[in-house]
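Notes for the structure review
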Amino acid sequence: MDIPDAVAADLRVAAVAAGCTVALTLALRYGLGVAVSPLLRLSPVAVYFGYLFLGKGSTGSAFENPRLWMLLTVAVTVGTAAYAVV
């Protein structure tokens, strides 16, 4: 099965967002014992929506790079975890 490059990039960004969401939820709930709102736990998904609406349509821009969005997703996840702990 041959997947086009654009679809493969979308799947990679979606997989990182899903993995970060699950990891954030499990780390906060079971690892740190912190109860936070669902909006904080879903913050990596918000970055994915940003990628869908801002990143894919900006041809020739730095925002089009899927690696940038994957790194931003990880950074938002770490920032959210730090915010929830403090």
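Look a little higher up for the structure.
These numbers were taken from a predicted model, which means no experiment stands behind them. (Residues numbered from 1 in each chain as written. Predicted model: local features only at pLDDT ≥ 70, side-chain atom pairs only at ≥ 80, totals over all residues. Heavy atoms only, no water.)

If you tally the helices and strands in the chain, you get four helices and zero strands. When the helices and strands of the chain are read in sequence order from the N terminus, they spell out α-α-α-α. Considering only C-alpha atoms, the chain reaches an extent of 40 × 30 × 15 Å along its principal axes. Surface summary for the chain: the accessible area is close to 5700 Å², and the carbon and sulfur share equals 71%. Side-chain charges in the chain split into 5 positive and 4 negative, and the spacing between the mean points of these groups amounts to 17 Å. (Helix = DSSP H or I, 4+ residues; strand = E, 2+ residues; numbered from the N terminus. Areas by Shrake-Rupley, 256 points an atom, 1.4 Å probe, with all protein chains shown as cover. Lys, Arg positive; Asp, Glu negative; His and termini not counted. Charge placed at Lys NZ, Arg CZ, Asp CG, Glu CD.)

Here we come to helix 4 (residues 66-85). Here helix 4 is 20 residues long and its end C-alpha atoms lie 29 Å apart, about the 28 Å a rise of 1.5 Å per residue gives. Along helix 4, the positions that sit buried rather than exposed are Pro66, Trp69, Met70, Thr73, Thr77, Thr80 and Ala84. Looking straight down helix 4, one finds that the buried residues subtend no more than 105° of arc, so they occupy a single side. Of the residues in helix 4, the exposed ones pointing more than 90 degrees away from the buried face are Arg67, Leu71, Val78 and Tyr83. Among the structural elements, helix 1 (5-31), helix 2 (38-41) and helix 3 (43-55) are those in contact with the buried residues of helix 4. Where helix 4 starts, the residue carrying a side-chain oxygen 3.1 Å from the main-chain nitrogen of Arg67 turns out to be Asn65. (Expected span 1.5 Å × (residues − 1). Buried < 20%, exposed > 50% of the residue type's maximum accessible area, 1.4 Å probe, protein only. Arc of directions from axis to C-beta. Contact = heavy atoms within 4.5 Å. Polar contact = N/O pair within 3.5 Å; in protein donor to acceptor, adjacent residues only side chain to side chain.)

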